[in-house]
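Okay, here's what each chain looks like letter by letter:
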Amino acid sequence: MSRKSFAETIVDAQLMAKALQESGNFPAGVEPNTVRELERLHEEATRFNIEQEKLKAQLKEKTAQLEATVKNLEDKYFFIKKYVKLGVPQELWKQYGIEDKK
């Protein structure tokens, strides 16, 4: 049997807790504490999901910032590399981190 998705689990748990609370008649083996624990876990999972979605959005934003910065870094590096190759003898290129042969 495959595992349910997060959304399905959240909805199912919420429906179960609500139905049990409204009926007030718990099946054998189900205590009021158990239903409260189900509700607490549902609320906690929902809260963690909200926090996770915020973090995902922040990660996307930081990833875009990083990609833009790396692009600028590469552009600047290649610009300077051209001038180092023009102005510095080829034998010294290695000390600048240039491995090119020409």
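Below or above, wherever it landed, is the structure these notes cover. On a predicted model such as this, the values are computed, not experimentally measured, just so you know.

### With respect to the overall build of the chain
Within the chain, the regular secondary structure consists of 2 helices and 0 strands. Taken over C-alpha atoms, the radius of gyration comes to 30 Å for the chain, far larger than the 13 Å a tight globule of 102 residues would show. Based on the C-alpha atoms only, the size of the chain along its principal axes is roughly 90 × 25 × 20 Å. Within the chain, the fraction of its 102 residues that count as buried is 11%. Total accessible area computed for the chain in this model is approximately 8900 Å², and 59% of it derives from carbon and sulfur atoms. Computed over 18 positive and 17 negative side-chain charges, the inter-centroid distance for the chain is 10 Å.

### Some words on the environment of S2
Here S2 is to be found in the segment before helix 1 (6–23). Given the relative accessible area of 63%, S2 is considered exposed. Separated by 24 residues in sequence, S2 and F26 place their C-alpha atoms 28 Å apart.

### Looking at the pattern of salt bridges
Counted under the stated rule, the structure contains 9 salt bridges. When the shortest N-O distance is used, the salt bridge between R47 and E51 registers 3.9 Å. In this pair, R47 and E51 are both assigned in helix 2 (residues 32–87), 4 residues apart and thus about one turn of the helix distant. Its salt-bridge partner being K81, residue D100 comes within 3.1 Å of it at the nearest N-O pair. One end of the pair, D100, is in the segment after helix 2; the other, K81, is in helix 2, and 19 residues separate them in sequence. When salt bridges that share partners are traced, they join E37, R40 and E44 into one network.

### Comments concerning a nonpolar patch on the surface
On the surface, a cluster of nonpolar side chains totalling about 470 Å² of accessible area is made up of F79, I80, Y83 and L86. Along the chain, I80 falls in helix 2.

### A look at the environment of Q14
Along the chain, Q14 falls in helix 1. Residue classification places Q14 among the partly exposed residues on the basis of a relative accessible area of 45%. It is 55 Å that separates the C-alpha atoms of Q14 and Y77, two residues lying 63 residues apart in sequence.

Parameters and conventions
- Residues numbered from 1 in each chain as written.
- Predicted model: local features only at pLDDT ≥ 70, side-chain atom pairs only at ≥ 80, totals over all residues.
- Heavy atoms only, no water.
- Helix = DSSP H or I, 4+ residues; strand = E, 2+ residues; numbered from the N terminus.
- Rg over C-alpha atoms; globule rule 2.2 N^0.38 Å.
- Buried < 20%, exposed > 50% of the residue type's maximum accessible area, 1.4 Å probe, protein only.
- Areas by Shrake-Rupley, 256 points an atom, 1.4 Å probe, with all protein chains shown as cover.
- Lys, Arg positive; Asp, Glu negative; His and termini not counted.
- Charge placed at Lys NZ, Arg CZ, Asp CG, Glu CD.
- Salt bridge = Lys/Arg side-chain N within 4 Å of Asp/Glu carboxyl O.
- Patch = residues over 30% accessible without salt bridge, like charges linked within 9 Å, V, L, I, M, F, W, Y side chains within 5 Å.

Purely geometric numbers; function is a separate question.
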